[in-house]
Amino acid sequence: MNPTPAPAPASTAAVPDHAPSGPAPLWRTAVRGLATIWAVPKARLGLVILAVFLLTALFAPLLAPYGATDNSFGRNEAASAAHWLGTTAAGEDVLSQVIFGSRISVVVGFVAGALATAVAVLVGLSWGYARGFLADVANFVVNLFLVIPSLPLMIVIATYLQNSGLAMISIVIAITGWAWGARVLRSQTQSLRSRDFVTAAQFSGEGSWRIVFREILPNMTSLITGSYFGAATAAILAESGLSFLGIGDTSVVSWGSMLFWAQNSNALLTGQWLLLLAPGLCIALLATSLTLINFGVDGLSNPRLREGKGR
Amino acid sequence: MSLLEVTDLSVVYEPKGAEPTYAVKDVSFALERGEFVGLVGESGSGKSTLGFAVTRLSKPPARISHGRIVVGGRDIAGLADEELRRQRQGGFAMVLQSGMNALNPVRTVRHHFFDIFAAHGHVDRRRREARARELVAKVELPDLVLDRYPGELSGGMRQRVSIALALSLEPQLMVFDEPTTALDVLVQHAVMRTIRDLQREEGFTALLISHDLGVVLESTSRVMVMHDGAIVEDGTSQQILHAPEHPYTQMLLSHYADPRAEVVELPGLAVRGGTISTASTRSDDAGQDGAVAPAARPSAVRAGAHRSAAREPVVVDHVSKVYPAPRRGQARVVAVDDVSFRLEPGQSMALVGQSGSGKSTIAKLVTGVERPTSGTVHVGDVRVDTLRRRGLRDLRRQVQMVFQDPYSALNPLHSVEYTLTRPVVNFSDLRGRDARRRVLDLLDLVGLSPVEQFAAKLPHQLSGGQRQRVVIARALACDPQVLIADEPVSMLDVSLRAGVLALLEDLRVQLGMSMLYITHDLLSARVVTDRIMVLHDGRVVEAGETAQVLRFPADPYTVALLDAVPQPGRAGDAA
């Protein structure tokens, strides 16, 4: 028995007079996808948290009471009405830094996540579809990336690429973070490629690329979205980790670099635990929100995968 | 007093965010002790929902909305879970269609028995081993099976194990939900015989749920016919067989015939003695799936006309296919063993055999999907077994395939129009408006009208029969010379089969294609093919004219296959 509700059919009226009707427009698919995720309570909480961070990042200049690098205040001040979270050892306002720091984490998270997912999709799908020598080569490369511990690799690459800016950090994170997603997508591709509709597409004269990207890829929407949020989470954590270790540009205000400076100035010993807690909590919350959203992603394309109806 | 009394039972499906639908509507019936009753209906008739409801195995979103289910004087419709669990011993048990997949793969069969004994505590600890042996013996399995893991047993053996497990609760009522549907033809026959014998010896009450009226009539003494959530006819097997009252029952019965008969006729499919002829009227064949197959239409003629290449035969010459051993130490698998045949242009030939007989492998060899280990395959002048990518693509213009499962042969995310446009664009010069016109012509050809509406639909908005028509239309898009149909109707309801078969046969004659029809169903082979090849373990055991071979089979394997065809007329045997 499989009484899964069928996905809401796109409007079946009015077909354009010519040209084959492709899939529904992208924005409509996106809206429907968002509604599916919203329907899951956990994911809804995640979306709300994420939205708060996104808005904070977007309107940072309006929200922050002072500039992020404005060091004209007293040093190591405790929380007060003027400085809700106190000031740093360099005399900057901690709240303003937290607000501006969200920009870095959000941007790096989503950009590096997107890069890693793009590589994972490309490698995973062609690896799953190919057979023979190419598949073996892909297998070797992916396994190589999986066994190398990613943090040391990141540190090595990041130190090698001197004066690494945000773009560089994103690329480094993408390079070290795609392998897991590729492996997951590859298994799903392998299971989908044995389905009759793929053989049927071959019989319809379709080329390999078209089969992979028009027949197989759309059936993996939820996996890809899931692996995107997973990669974004990993990227946010990795960026913070790298900044905390002082790799990358420590003069840029990010949650990671705040932790780095707080650690350098022995914030805990001076009783300024807020200096560590605020950025740390933000990192944890942002990562949690993405993980929560992932709970809702399962519903994206699964009902359609289980298309065959029970007798 | 009846063992089971169901009064005004309704079951409703309440999926989130969708309209509730009543799968079972106000059904009432009673089962007497020791009765063997069949419950027949096609997919969507609510028969399985009813079976799950009376054993209280319904899961959300299905819910018993009202009604009483009285077992042995006790209403179980509203029983709490724990009480229900205790009731299962000595009460009711169920054997599922996928019963062979219901076993835990990491526990031996013995564990399965002991788990049940432990859960209900109805067998003394010291007697458990003996009892387990006794139970497997009842389903005609050796003791050794107890030491095996489910993965080491064949499908038929696993289904027997799940029957024995159901028996271990000493139920008064056994519900069999399509117990043999997922099994191979010959195995199916044997398992049904075991079930019949068991029921007679043990004397439990049995409810056999099946889509196959033939199977049910062969085994049961009373039959209930279900349609659209209601029981439309309830009578003894003899009554149902000889004097069916409801038009739905009559329609179901009309789809059975003996492939050995001199003249075989199915609704919408013509008499086919030794000679070829097609039906003149095809009005009723597709009424069930809301589509009407066209008689010869101008579009069909046009579709066939713009290809005038010489029609050439398919020649398979001493072909063998050997697969490497699945595991170390096991023997290599010889899927096809020295098979030769010639399929003349315009001819239709059946390849029959049970699963594993190599018939699908032959289809793969002919279409170039697999390469033979030895021997050659020619389509006209083209040698298929050495083709590379480019050549294979060209071969697809001539050789197309109709798939077995219409539910997996269409990409769920693509509209019918997209699916049909791709081969048109890939194999012809038609683009834009012209391509679209060709797609609509194809839909018209397979009887899916209004064409504009069907073009816009997604697969899940179509019925099984309609999907299979789309699959056929896709195969015809490039005007192939040879059509390979791999069990094209085995996944469809009985009433839809004749319609799809008639369509295939019509189109084959109209467009002058040759067809290789792969099936285990001898009846359908009899009505759509001229020649037949019977395969057993990769070898051809018998070949010749279809009518001749089926009426006067020479090989014992052919006879066994013929015997396995469900025959409503054999109903008397069981009683």
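Parameters and conventions
Residues numbered from 1 in each chain as written. Chains lettered and ligands numbered in written order. Predicted model: local features only at pLDDT ≥ 70, side-chain atom pairs only at ≥ 80, totals over all residues. Helix = DSSP H or I, 4+ residues; strand = E, 2+ residues; numbered from the N terminus. Buried ≥ 20, exposed ≤ 12 C-beta atoms within 10 Å, placed from the backbone. Contact = placed C-beta atoms within 7 Å. Rg over C-alpha atoms; globule rule 2.2 N^0.38 Å. Axes fitted to C-alpha atoms, helices over the stretch in contact; angles between N-to-C directions. Parallel < 35°, antiparallel > 145°, perpendicular 65-115°, else oblique. Left-handed = near helix turned anticlockwise from the far one by under 90°. Nonpolar A, V, L, I, M, F, W, Y, C, P; charged D, E, K, R; others polar. Pairing = 2+ DSSP bridges. Domains from an automatic or database assignment. Core = buried A, V, L, I, M, F, W, Y, C linked by C-beta atoms within 7 Å.

1. Side note on the overall build of chain A
Now for step 1: From N to C terminus, chain A includes 14 helices and zero strands.
Now for step 2: Starting at the N terminus and walking to the C terminus, you meet the elements of chain A as α-α-α-α-α-α-α-α-α-α-α-α-α-α.
Now for step 3: Buried positions account for 41% of the 311 residues belonging to chain A.
Now for step 4: A separation threshold of at least 6 residues defines the contact pool for chain A, and within that pool the share at least 24 residues apart is 73%.

2. Looking at the overall build of chain B
Now for step 1: Tallying secondary structure elements over chain B gives 20 helices and 20 strands in all.
Now for step 2: Compactness check: chain B gives a C-alpha radius of gyration of 25 Å against a globular reference of 25 Å for 575 residues, within 12% of the reference.
Now for step 3: Taken over 575 residues, chain B has a buried fraction of 51%.
Now for step 4: Considering only residue pairs separated by 6 or more positions, chain B has 69% of its internal contacts joining residues 24 or more positions apart.

3. Details of helix H1 (residues 47–54) of chain B
Residue and element names in this part refer to chain B.
Now for step 1: Burial analysis of H1 places eight of its eight residues in the buried class, the great majority of the element.
Now for step 2: Listed as buried for H1 are Lys-47, Ser-48, Thr-49, Leu-50, Gly-51, Phe-52, Ala-53 and Val-54.
Now for step 3: Arg-56 occupies a position one or two residues after H1 and carries a positive phi of about 55°.

4. Observations regarding the packing of helix H5 (residues 155–167) of chain B against helix H6 (residues 185–202) of chain B
All names here are of chain B.
Now for step 1: Look at H5 against H6: their axes get within 10 Å of each other, and the N-to-C directions meet at 20°. One element, H5, and the other, H6, form an angle in the roughly parallel class. Crossing of H5 against H6: the hand is right-handed. Residues Gly-155, Gly-156, Gln-159, Arg-160 and Ile-163 of H5 touch H6, and the partners they reach there are Val-187, Ala-190, Val-191, Thr-194 and Ile-195.
Now for step 2: Residue composition of the contact of H5 with H6, by class: five nonpolar, four polar and one charged.

5. Details of the sheet that holds strand E14 (residues 374–379) of chain B
Now for step 1: One open sheet accounts for four strands, arranged E12-E11-E14-E15 (chain B); its pairing is antiparallel. Among the strands making up the open sheet, the edge pair consists of strand E12 (333–343) and strand E15 (382–383) of chain B.

6. Some thoughts on the sheet that holds strand E7 (residues 173–177) of chain B
Backbone-to-backbone hydrogen bonds join strands into a sheet, with any given pair of strands oriented parallel or antiparallel.
Residue and element names in this part refer to chain B.
Now for step 1: The six strands lie next to each other as E6-E7-E8-E3-E9-E10, forming an open sheet whose pairing is mixed. Two strands bound the open sheet, and with one partner strand each, they are strand E6 (92–95) and strand E10 (230–236). Across this sheet, the average inter-strand angle for adjacent strands is 15°, counted without regard to direction.

7. Things to note about the domain arrangement of chain B
All names here are of chain B.
Now for step 1: As far as domains go, chain B holds domain 1 (4–253) and domain 2 (287–306 + 313–324 + 331–565).
Now for step 2: Each of domain 1 and domain 2 has a C-alpha centre, and these two points are 35 Å apart.
Now for step 3: Listed per partner, the contact involves 10 residues of domain 1 and nine residues of domain 2.
Now for step 4: Elements represented by at least two residues in the side of domain 1 that touches domain 2 include exactly H6 and helix H9 (247–253).
Now for step 5: If you tally residues by element for the side of domain 1 that touches domain 2, the top one is H6, at four residues.

8. Section: the environment of A:Gly67
Now for step 1: As for its position among the elements, A:Gly67 is in the loop between helix H3 (60–63) and helix H4 (94–129).
Now for step 2: For the pair A:Gly67 and A:Leu26, spaced 41 residues apart in the sequence, the C-alpha separation amounts to 39 Å.

9. What about the pairing of E14(B)?
Residues and elements named next belong to chain B.
Now for step 1: Bridge analysis of strand E11 (residues 314–323) against E14 gives five bridges, and the strand direction is antiparallel. Each bridged residue has a counterpart across the sheet, and for Val-316 the counterpart in E14 is Val-377.
Now for step 2: Bridge analysis of E14 against E15 gives two bridges, and the strand direction is antiparallel. Its bridge partner lying in E15, Val-379 is registered against Val-382.
Now for step 3: Taking the residues that link successive antiparallel strands as the turn, the E14-E15 hairpin has two residues, and the phi of Gly-380 there is positive, at about 60°.

10. Thoughts on the nonpolar core
A general feature of soluble globular proteins is that nonpolar side chains tend to end up buried together.
Now for step 1: Within the largest apolar cluster, 160 residues are counted, with the highest numbers of intra-cluster contacts made by A:Ala235, B:Val366, B:Ala473 and B:Leu516.
Now for step 2: Top contributing element to this core by residue count: H4(A), with 14 residues.
Now for step 3: Residues in contact with A:Ala235, not counting those within four places in the same chain, are A:Val108, A:Gly109, A:Ala112, A:Gly113, A:Ala116, A:Ile173 and A:Gly177.

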